[in-house]
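Structural overview
Here's the letter readout for the chains.
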Amino acid sequence: MNSFFIDTHAHVYSEQFSEDLKESIIRAKEKGVEKIFLPNIDLDSIDGLLKLCSDYPETFYPMMGLHPCSVQDNYKEVLEKIKNNTSWNEMIAVGEIGIDLYWDKSTLNIQVEAFKEQIQWAKELGLPIVIHARDSFEEIFSVIDEMNDEKLTGVFHCFTGGSKEAEKILSFGGFKMGIGGVVTFKNTHLRETLKEIDLSNIILETDSPYLAPSPYRGKRNEPSYIHEISLVLCDVYGLSQEEIAQKTTENALHLFQLD
(Lines give C-alpha, C1' and ligand atoms only; values in the text may rest on other atoms or scores of the structure.)
Protein backbone atom coordinates (compact mmCIF):
# COMPACT_ATOMS: atom_id res chain seq x y z
CA MET A 1 0.00 0.00 0.00
CA ASN A 2 1.63 3.23 -1.19
CA SER A 3 -0.85 5.56 0.49
CA PHE A 4 -0.64 6.09 4.23
CA PHE A 5 -3.06 6.89 7.02
CA ILE A 6 -3.05 9.81 9.44
CA ASP A 7 -4.50 9.43 12.91
CA THR A 8 -5.67 13.03 13.28
CA HIS A 9 -6.53 12.78 16.98
CA ALA A 10 -4.72 10.67 19.56
CA HIS A 11 -3.58 11.25 23.15
CA VAL A 12 -0.54 9.00 22.88
CA TYR A 13 1.26 11.06 25.53
CA SER A 14 -1.23 9.57 28.03
CA GLU A 15 0.25 7.44 30.82
CA GLN A 16 -1.68 4.52 29.33
CA PHE A 17 1.14 4.33 26.75
CA SER A 18 3.98 4.57 29.26
CA GLU A 19 4.87 0.88 29.07
CA ASP A 20 4.64 0.19 25.35
CA LEU A 21 4.93 3.51 23.53
CA LYS A 22 7.62 2.36 21.08
CA GLU A 23 5.76 -0.87 20.36
CA SER A 24 2.51 1.00 19.73
CA ILE A 25 4.29 3.29 17.25
CA ILE A 26 5.70 0.24 15.45
CA ARG A 27 2.24 -1.36 15.32
CA ALA A 28 0.82 1.85 13.87
CA LYS A 29 3.48 2.00 11.15
CA GLU A 30 2.86 -1.67 10.31
CA LYS A 31 -0.78 -0.77 9.66
CA GLY A 32 0.17 2.17 7.44
CA VAL A 33 -0.32 4.97 10.00
CA GLU A 34 2.58 7.34 9.30
CA LYS A 35 1.50 10.49 11.12
CA ILE A 36 -0.29 11.03 14.43
CA PHE A 37 -1.70 14.39 15.52
CA LEU A 38 -1.72 15.17 19.25
CA PRO A 39 -4.39 17.43 20.80
CA ASN A 40 -3.68 19.01 24.17
CA ILE A 41 -5.86 18.69 27.29
CA ASP A 42 -4.60 21.07 30.00
CA LEU A 43 -1.43 22.60 31.49
CA ASP A 44 -0.26 19.25 32.85
CA SER A 45 -0.36 17.47 29.48
CA ILE A 46 1.78 19.98 27.58
CA ASP A 47 5.24 18.69 28.51
CA GLY A 48 4.51 15.07 27.60
CA LEU A 49 2.90 16.10 24.32
CA LEU A 50 5.84 18.29 23.29
CA LYS A 51 8.39 15.65 24.31
CA LEU A 52 6.76 13.08 22.03
CA CYS A 53 6.87 15.54 19.13
CA SER A 54 10.52 16.29 19.88
CA ASP A 55 11.47 12.60 20.16
CA TYR A 56 9.55 11.53 17.02
CA PRO A 57 9.29 14.65 14.82
CA GLU A 58 8.40 12.68 11.67
CA THR A 59 5.49 10.94 13.41
CA PHE A 60 3.88 13.27 15.96
CA TYR A 61 2.46 16.74 15.34
CA PRO A 62 1.34 19.06 18.15
CA MET A 63 -1.83 21.06 18.72
CA MET A 64 -2.42 23.38 21.64
CA GLY A 65 -5.57 24.28 23.53
CA LEU A 66 -7.63 23.76 26.67
CA HIS A 67 -10.09 20.85 26.66
CA PRO A 68 -13.63 21.87 27.69
CA CYS A 69 -13.65 19.35 30.56
CA SER A 70 -10.59 21.16 31.95
CA VAL A 71 -12.26 24.60 31.92
CA GLN A 72 -12.54 25.73 35.54
CA ASP A 73 -13.11 29.09 37.25
CA ASN A 74 -9.44 29.99 36.67
CA TYR A 75 -9.71 29.37 32.91
CA LYS A 76 -8.62 32.90 31.96
CA GLU A 77 -5.36 32.50 33.81
CA VAL A 78 -4.81 29.03 32.30
CA LEU A 79 -5.52 30.28 28.77
CA GLU A 80 -3.09 33.14 29.26
CA LYS A 81 -0.36 30.69 30.29
CA ILE A 82 -1.08 28.42 27.32
CA LYS A 83 -1.14 31.27 24.82
CA ASN A 84 1.98 33.02 26.09
CA ASN A 85 4.11 29.89 26.58
CA THR A 86 3.40 28.22 23.24
CA SER A 87 5.67 28.26 20.18
CA TRP A 88 2.72 28.70 17.87
CA ASN A 89 4.73 28.33 14.68
CA GLU A 90 5.24 24.66 15.64
CA MET A 91 1.51 23.97 16.18
CA ILE A 92 -0.77 22.55 13.51
CA ALA A 93 -4.07 23.47 15.22
CA VAL A 94 -5.79 24.99 18.24
CA GLY A 95 -7.26 22.03 20.07
CA GLU A 96 -8.79 20.20 21.67
CA ILE A 97 -11.40 22.86 22.38
CA GLY A 98 -15.18 23.00 22.47
CA ILE A 99 -18.10 22.31 24.79
CA ASP A 100 -18.89 19.17 26.82
CA LEU A 101 -22.26 18.98 28.59
CA TYR A 102 -22.10 15.26 29.30
CA TRP A 103 -20.07 15.57 32.50
CA ASP A 104 -20.94 19.01 33.83
CA LYS A 105 -23.62 21.39 32.55
CA SER A 106 -22.93 23.94 35.31
CA THR A 107 -19.76 25.20 33.55
CA LEU A 108 -21.50 25.93 30.23
CA ASN A 109 -20.99 29.70 30.40
CA ILE A 110 -17.26 29.54 31.05
CA GLN A 111 -16.85 26.72 28.52
CA VAL A 112 -18.44 28.99 25.91
CA GLU A 113 -16.14 31.88 26.84
CA ALA A 114 -13.01 29.67 26.72
CA PHE A 115 -14.16 28.23 23.38
CA LYS A 116 -14.68 31.69 21.88
CA GLU A 117 -11.31 32.96 23.06
CA GLN A 118 -9.49 29.99 21.52
CA ILE A 119 -11.41 30.35 18.26
CA GLN A 120 -10.14 33.92 18.16
CA TRP A 121 -6.56 32.65 18.63
CA ALA A 122 -7.02 30.28 15.70
CA LYS A 123 -8.29 33.03 13.42
CA GLU A 124 -5.39 35.31 14.36
CA LEU A 125 -2.85 32.51 13.92
CA GLY A 126 -4.34 31.09 10.73
CA LEU A 127 -4.78 27.64 12.30
CA PRO A 128 -7.70 25.19 12.20
CA ILE A 129 -9.59 24.31 15.37
CA VAL A 130 -10.25 20.81 16.69
CA ILE A 131 -13.70 20.74 18.28
CA HIS A 132 -14.82 18.46 21.10
CA ALA A 133 -18.63 18.30 20.95
CA ARG A 134 -20.37 16.08 23.49
CA ASP A 135 -24.09 16.59 24.08
CA SER A 136 -23.46 20.12 22.81
CA PHE A 137 -24.06 20.44 19.06
CA GLU A 138 -26.61 23.25 19.43
CA GLU A 139 -24.38 25.26 21.77
CA ILE A 140 -21.35 24.82 19.51
CA PHE A 141 -23.33 25.66 16.37
CA SER A 142 -24.49 28.86 18.06
CA VAL A 143 -20.87 29.90 18.75
CA ILE A 144 -19.70 29.03 15.23
CA ASP A 145 -22.68 30.88 13.71
CA GLU A 146 -21.53 33.96 15.60
CA MET A 147 -17.80 33.67 14.83
CA ASN A 148 -17.59 31.94 11.47
CA ASP A 149 -15.82 33.64 8.56
CA GLU A 150 -13.41 32.69 5.78
CA LYS A 151 -10.56 32.47 8.30
CA LEU A 152 -12.22 29.77 10.41
CA THR A 153 -11.60 26.12 9.57
CA GLY A 154 -11.46 22.94 11.60
CA VAL A 155 -12.82 19.51 12.41
CA PHE A 156 -15.66 18.23 14.53
CA HIS A 157 -13.65 15.55 16.29
CA CYS A 158 -15.36 12.22 17.06
CA PHE A 159 -18.40 13.08 14.94
CA THR A 160 -21.41 10.99 15.98
CA GLY A 161 -24.24 13.22 14.79
CA GLY A 162 -26.89 12.54 12.20
CA SER A 163 -27.68 14.01 8.78
CA LYS A 164 -29.01 17.26 10.27
CA GLU A 165 -25.80 17.91 12.21
CA ALA A 166 -23.61 16.94 9.23
CA GLU A 167 -25.53 19.32 6.97
CA LYS A 168 -25.08 22.17 9.45
CA ILE A 169 -21.33 21.50 9.81
CA LEU A 170 -20.85 21.48 6.03
CA SER A 171 -22.82 24.74 5.73
CA PHE A 172 -20.06 26.50 7.69
CA GLY A 173 -17.76 25.99 4.69
CA GLY A 174 -14.38 25.20 6.27
CA PHE A 175 -15.07 22.16 8.45
CA LYS A 176 -14.58 18.42 8.24
CA MET A 177 -15.78 15.54 10.41
CA GLY A 178 -13.42 13.24 12.30
CA ILE A 179 -14.53 9.62 12.17
CA GLY A 180 -13.28 7.17 14.78
CA GLY A 181 -14.07 3.90 16.51
CA VAL A 182 -17.78 4.61 17.00
CA VAL A 183 -18.37 3.90 13.29
CA THR A 184 -17.45 0.23 13.96
CA PHE A 185 -20.02 -0.25 16.76
CA LYS A 186 -23.03 -2.45 15.99
CA ASN A 187 -25.60 -0.04 17.45
CA THR A 188 -24.45 3.10 15.61
CA HIS A 189 -26.42 5.05 13.01
CA LEU A 190 -23.16 6.68 11.85
CA ARG A 191 -22.63 4.37 8.87
CA GLU A 192 -26.00 5.38 7.44
CA THR A 193 -25.21 9.06 8.01
CA LEU A 194 -21.85 8.71 6.23
CA LYS A 195 -23.57 7.43 3.10
CA GLU A 196 -24.95 10.96 2.71
CA ILE A 197 -21.56 12.67 3.30
CA ASP A 198 -18.95 12.90 0.56
CA LEU A 199 -15.61 11.37 1.51
CA SER A 200 -13.93 14.74 0.85
CA ASN A 201 -15.43 15.89 4.16
CA ILE A 202 -13.97 13.08 6.29
CA ILE A 203 -10.72 12.59 8.20
CA LEU A 204 -9.80 9.58 10.35
CA GLU A 205 -8.90 9.48 14.03
CA THR A 206 -8.74 7.07 16.96
CA ASP A 207 -8.98 9.35 20.04
CA SER A 208 -6.54 6.91 21.66
CA PRO A 209 -6.57 5.69 24.38
CA TYR A 210 -10.38 6.11 24.33
CA LEU A 211 -13.18 4.68 22.17
CA ALA A 212 -11.42 1.62 20.77
CA PRO A 213 -13.17 0.21 17.70
CA SER A 214 -14.64 -3.26 17.42
CA PRO A 215 -13.26 -5.88 17.96
CA TYR A 216 -11.18 -4.09 20.63
CA ARG A 217 -14.08 -2.24 22.25
CA GLY A 218 -13.55 -1.76 25.97
CA LYS A 219 -9.77 -2.07 25.68
CA ARG A 220 -7.18 0.66 25.33
CA ASN A 221 -7.34 2.26 21.90
CA GLU A 222 -4.19 2.91 19.85
CA PRO A 223 -3.33 4.48 16.45
CA SER A 224 -2.90 1.13 14.67
CA TYR A 225 -6.67 0.63 15.04
CA ILE A 226 -7.22 3.19 12.26
CA HIS A 227 -7.06 -0.01 10.20
CA GLU A 228 -10.39 -1.23 11.65
CA ILE A 229 -12.06 2.16 11.15
CA SER A 230 -10.90 2.34 7.53
CA LEU A 231 -12.36 -1.09 6.76
CA VAL A 232 -15.83 0.16 7.69
CA LEU A 233 -15.34 3.18 5.42
CA CYS A 234 -14.34 0.83 2.59
CA ASP A 235 -17.75 -0.80 3.01
CA VAL A 236 -19.65 2.49 3.28
CA TYR A 237 -18.03 4.11 0.22
CA GLY A 238 -17.37 1.04 -1.88
CA LEU A 239 -13.67 1.86 -2.14
CA SER A 240 -10.41 0.02 -1.48
CA GLN A 241 -8.43 0.61 1.69
CA GLU A 242 -5.77 2.34 -0.36
CA GLU A 243 -8.35 4.73 -1.81
CA ILE A 244 -9.73 5.48 1.67
CA ALA A 245 -6.18 6.12 2.93
CA GLN A 246 -5.31 8.35 0.00
CA LYS A 247 -8.43 10.52 0.21
CA THR A 248 -8.66 10.90 3.99
CA THR A 249 -4.94 11.67 4.19
CA GLU A 250 -5.27 14.31 1.45
CA ASN A 251 -8.17 15.82 3.43
CA ALA A 252 -6.12 15.91 6.64
CA LEU A 253 -3.00 17.34 5.05
CA HIS A 254 -5.06 20.08 3.44
CA LEU A 255 -7.05 20.97 6.58
CA PHE A 256 -3.95 21.09 8.79
CA GLN A 257 -1.94 22.92 6.11
CA LEU A 258 0.71 20.22 5.80
CA ASP A 259 0.36 19.74 2.04
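Residues numbered from 1 in each chain as written. Predicted model: local features only at pLDDT ≥ 70, side-chain atom pairs only at ≥ 80, totals over all residues. Heavy atoms only, no water.

Re the overall build of the protein
To keep it simple, the criterion reads: Comment: elements are numbered from the N terminus, with helices defined as DSSP H or I runs of at least four residues and strands as E runs of at least two. Here the globule rule reads 2.2 Å times residues to the power 0.38, and the radius of gyration is calculated from C-alpha atoms. Each residue gets one of three labels from its accessible area relative to the maximum for its type: buried under 20%, exposed over 50%, partly exposed in between, using a 1.4 Å probe on protein chains only. Residue contacts follow a heavy-atom distance rule, with two residues in contact if any of their heavy atoms lie within 4.5 Å.
Helix and strand content of the protein: nine helices and eight strands. Computed over C-alpha atoms, the radius of gyration of the protein comes to 17 Å, within 12% of the 18 Å expected from 2.2 N^0.38 for 259 residues, which places it in the range of a compact globule. Among the 259 residues that make up the protein, the fraction classed as buried is 57%. Put simply, of all contacts in the protein between residues at least 6 apart along the chain, 73% involve residues at least 24 apart.

Notes on the sheet that holds strand 8 (residues 202–204)
What holds strands together in a sheet is hydrogen bonding between their backbones, with the strands either parallel or antiparallel. Just so we agree on the cut-off: Whether two strands pair depends on DSSP finding at least two bridges between them. Between N-to-C directions, angles cover 0 to 180 degrees, with each direction set by a line fitted to C-alpha atoms, over the stretch in contact for helices.
Reading across the sheet, the five strands line up as 4-5-6-7-8 and stay open at both edges, with parallel pairing between neighbours. Looking along the sheet, the strands with just one partner apiece sit at the ends: strand 4 (94–100) and strand 8. Across this sheet, the average inter-strand angle for adjacent strands is 30 degrees, counted without regard to direction. When strand 6 (residues 154–157) meets strand 7 (residues 175–179), the two strands line up parallel, connected through three bridges. Considered in strand 7, the bridge of Val155 is made with Lys176. The sheet contacts of helix 4 (residues 108–125) involve strand 4 and strand 5 (129–134), and relative to strand 4 the element is tilted by about 155 degrees. Packed on one face of the sheet, helix 6 (residues 163–171) meets strand 6 and strand 7 and runs near 140 degrees to strand 7.

Looking at the side chain of Glu205
Our working definition: We count Lys and Arg on the positive side and Asp and Glu on the negative side, and we leave His and both chain ends out. Salt bridges are counted wherever a side-chain nitrogen of Lys or Arg sits within 4 Å of a carboxyl oxygen of Asp or Glu. Whenever a nitrogen or oxygen atom comes within 3.5 Å of another N or O atom, the pair is scored as a polar contact, on the condition that within protein one atom can donate a hydrogen and the other can accept it, and that pairs from neighbouring residues in sequence are kept only if both atoms are in side chains.
Structurally, the position occupied by Glu205 is in the loop between strand 8 and helix 8 (226–237). Buried charge Glu205 goes without a salt bridge, the closest partner of opposite sign being Arg134 at 12 Å. A distance of 2.7 Å separates the side chain of Glu205 from the side chain of His157, its partner in a polar contact. One polar contact links the side chain of Glu205 to the main-chain amide nitrogen of Cys158, over a distance of 3.1 Å. When neighbours within four sequence positions are excluded, Glu205 is seen to be in contact with Asp7, Thr8, His9, His157, Cys158, Gly178, Ile179, Gly180, Gly181, Ile226 and Ile229.

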